[in-house]
Amino acid sequence: MYIDYRDKKEIGNTGEFVSAIGLGTWRIKDYDTAYKTFLHAFESGIDNVDTAEIYDSGRAEEFVGRVVKAFGRDNIFITTKLAPYSLSDKYSAVKAAENSLKRLGIKYVDLILIHWSEPSLNLVNQIRNLEYLITRGYTRYIGVSNFTVSELDIAIENLSKHDIVVNQVKYSILDKRVEREGLLDYCIRNKISIHAYTPLEGGLVAHNEILKQVGEKYNKSPIQIALNYLISHTRVIAIPKTENEEHLTEIINSMGWRLDQRDLDILSTIEDILY
Ligand SMILES: NC(=O)c1ccc[n+]([C@@H]2O[C@H](COP(=O)([O-])OP(=O)(O)OC[C@H]3O[C@@H](n4cnc5c(N)ncnc54)[C@H](OP(=O)(O)O)[C@@H]3O)[C@@H](O)[C@H]2O)c1
């Protein structure tokens with residue numbers, strides 16, 4: 001594999017770059033603790049955050065709004081996700097986007113994704129309604145989440161003016177289906193960034209023996225090896241979630257260095273433990 005040494009990654013083909021690690025906001029337990037941790041993250045150079053209308057019934061978006069208000073909106077790339085049923089017609093799409101913006105306390109987000117592909121709903125309509133949200137000025141860019149190669153093909157074919165800039169998918173060192181199934185290669189070819197979600201497998205990677213062994217060589221923890229592996233791939237931005245200051249420091253120190261080619265090759269052959 002070609003090693004991507006950059007800790008700033010381009011979003012799609014936009015010419016805009018964000019930190020190779022952003023922060024997720026799913027299942028935050030204590031918003032006050034998380035507030036301090038996220039502020040610290042932004043002060044330390046993490047500049048992108050992921051949320052969704054459905055996380056904690058909107059409270060995660062309100063939380064992001066609070067942190068961004070304190071830090072300064074212009075310096076943070078904000079992604080939110082709308083559920084497929086919210087995008088099934090134009091009216092619902094506008095309403096859902098307005099509600100998200102209200103919770104976030106801002107006039108526009110940087111990126112709105114369709115949260116997942118819902119087989120019972122018309123994908124083409126959702127894509128067109130999503131694109132309409134750019135026209136309305138509610139978002140600067142659009143993208144998708146949990147999309148397969150064939151779903152991405154449909155999305156790309158049915159856009160009139162704008163591009164899909166991100167596909168947010170599950171990707172970790174213990175779950176490399178995106179590599180095996182050709183999704184990563186497809187995204188690289190089409191200049192679509194990958195948001196790697198659940199990159200720590202909920203913290204499970206911290207206990208992996210192989211990662212511990214590789215980490216000893218670099219004086220890095222298994223968490224840092226797991227994240228460094230992901231961001232060493234072209235187009236990949238990892239979005240772990242933490243509300244814990246110590247965990248944040250560990251996450252931040254996953255950047256600024258790279259595993260060498262030999263270790264990346266070894267790590268790429270670890271069998272998926274979870275699938
Ligand atoms: N598009 C989708 O369908 C989708 C699905 C799932 C997730 N996501 C997004 O991706 C984000 C991340 O995924 P995730 O939350 O599922 O899982 P994750 O980032 O793999 O794991 C989060 C868990 O790991 C713990 N953790 C964080 N840093 C740690 C460290 N240094 N050492 C040990 N444990 C650590 C966290 O606890 P502490 O907070 O205590 O550190 C939390 O319990 C989500 O928050 C969400 O924004 C998107």
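Here we summarise the structure given alongside this text. Bear in mind the structure is a predicted one, so any value in this text is a computation, not a measurement.

Scoring rules and cut-offs
- Every residue gets a number counted from 1 within its own chain, in the order that chain's sequence is written.
- Where totals are concerned, whole chains, interfaces and linings use all residues; where local detail is concerned, this predicted model gives features only for residues with pLDDT of at least 70, and gives and counts side-chain atom pairs only at 80 or more.
- Only hydrogens and water are set aside; all other atoms, that is, all heavy atoms of the structure, feed into the side-chain values.
- Note on exposure labels: buried denotes an accessible area under 20% of the residue type's maximum, exposed denotes more than 50%, and partly exposed covers the range between, all computed with a 1.4 Å probe on protein chains only.
- Numbering of helices and strands runs from the N terminus, with a helix taken as a DSSP run of H or I at least four residues long and a strand as a DSSP run of E at least two residues long.
- Throughout, the arc means that of the directions going from the helix axis to the C-beta atoms.
- The criterion used for residue contact is that any of the two residues' heavy atoms lie within 4.5 Å.
- Pairs of N or O atoms within 3.5 Å make up the polar contacts considered here, provided that, within protein, one atom can donate a hydrogen while the other can accept it, and that residues adjacent in sequence are counted only when both atoms are side-chain atoms.
- The term salt bridge refers to a pairing of a side-chain nitrogen on Lys or Arg with a carboxyl oxygen on Asp or Glu at a separation within 4 Å.
- Note on terminology: near, applied to a residue and a molecule or strand, indicates that one of the residue's heavy atoms is within 4 Å of it.
- Surface accessibility in these figures is a Shrake-Rupley result with a 1.4 Å probe; residues are shielded only by whichever protein chains are displayed.
- Think of it as three bins: nonpolar holds Ala, Val, Leu, Ile, Met, Phe, Trp, Tyr, Cys and Pro, charged holds Asp, Glu, Lys and Arg, and polar takes everything else, Gly as well.
- Only buried residues count toward a nonpolar core. Its members are Ala, Val, Leu, Ile, Met, Phe, Trp, Tyr and Cys residues joined through side-chain atoms within 4.5 Å.
- For two strands to count as paired, DSSP must find a minimum of two bridges between them.
- Here, the term right-handed applies to a crossover whose path from the first strand over the helix to the second runs clockwise when the strands point away from the viewer.

Considerations on helix α10 (residues 245–252)
Now for step 1: Within α10 the residues assigned to the buried category are Leu248, Ile251 and Ile252. An end-on view of α10 places all buried positions within 95° of arc, on one side of the element.
Now for step 2: Those residues of α10 that are buried lie in contact with α1 (31–43) and α9 (222–231).
Now for step 3: N-capping of α10 is provided by Asn244, with a side-chain oxygen placed 2.8 Å from the backbone N of Glu246.

Digging into the pattern of salt bridges
Now for step 1: Tallied over the full model, the rule gives 20 salt bridges.
Now for step 2: Asp260 is the salt-bridge partner of Lys217, the closest N and O atoms lying 3.6 Å from each other. Here the residue Lys217 occupies a position in helix α8 (residues 209–218), and Asp260 occupies one in the loop between α10 and α11 (261–268), the gap between them amounting to 43 residues.
Now for step 3: Residue classification places Asp260 among the partly exposed positions, given a relative accessible area of 32%.
Now for step 4: Between Asp263 and Lys217 there is a salt bridge, with the nearest N and O atoms lying 2.7 Å from each other. Note that Asp263 is positioned in helix α11 and Lys217 in helix α8, a separation of 46 residues in sequence.
Now for step 5: With a relative accessible area of 7%, Asp263 lands in the buried category.
Now for step 6: Each of the salt bridges in this network shares a partner with another, and the network as a whole consists of Glu16, Arg73, Asp110 and Arg140.

Notes on the site of the ligand
Now for step 1: Asp50, Leu200, Lys241, Thr242 and His247 are the nearest of the 27 residues found near the ligand.
Now for step 2: In this structure, Tyr55 approaches the ligand through a side-chain N or O atom, which is 3.4 Å from a nitrogen atom.
Now for step 3: Compared with its free state, where it exposes 900 Å², the ligand has 86% of that area covered by protein.
Now for step 4: Among the elements that take part in the shell around the ligand, α10 stands out by supplying three residues, more than any other.
Now for step 5: Looking at side-chain class alone, the shell around the ligand contains nine nonpolar, 12 polar and six charged residues.

Observations concerning the nonpolar core
Now for step 1: Ranked by internal contacts, the top residues of the largest apolar core, which has 82 residues, are Phe38, Ile78, Leu133, Leu152, Tyr171, Leu259 and Leu267.
Now for step 2: A total of seven residues in this core trace back to one element, the largest contributor, which is α9.
Now for step 3: Ignoring sequence-local partners within four residues, the contact set of Leu133 consists of Leu82, Leu87, Ala93, Val94, Ala97, Ile112, Tyr138 and Thr139.
Now for step 4: Counting residues in each nonpolar core, the second largest holds 10 residues, with Ile11, Val165, Val166 and Ile237 among its members.

Focus: unusual backbone geometry
Now for step 1: In this structure, Arg27 is a non-glycine residue whose phi angle is positive, near 60°.
Now for step 2: Relative to the helices and strands, Arg27 is located in the loop between β2 (17–19) and α1.
Now for step 3: Judged by relative accessible area, which is 61%, Arg27 ranks as exposed.
Now for step 4: In the Ramachandran plot, Ser57 falls in the positive-phi region, its phi being about 50° despite a non-glycine side chain.
Now for step 5: You can see Ser57 is positioned in the loop between β3 (48–50) and α2 (59–71).
Now for step 6: We classify Ser57 as exposed; its relative accessible area is 62%.

Some details on the pairing of strand β7 (residues 164–170)
Remember that side chains alternate between the two faces of the sheet whenever the strand is regular.
Now for step 1: Counting buried positions along β7 yields seven of seven residues, so the element is predominantly enclosed.
Now for step 2: Of the pairings in the sheet, the one linking strand β6 (residues 139–145) to β7 comprises three bridges and is parallel in character. Across the sheet, residue Ser145 finds its bridge partner in β7, namely Gln168.
Now for step 3: Remark: the β6/helix α5 (residues 149–157)/β7 crossover connection has right-handed handedness.
Now for step 4: Of the strand pairs in this sheet, β7 and strand β8 (residues 193–197) are connected by five bridges, and their pairing is parallel. Paired with Asn167 across the strands is Ile194, a residue of β8.

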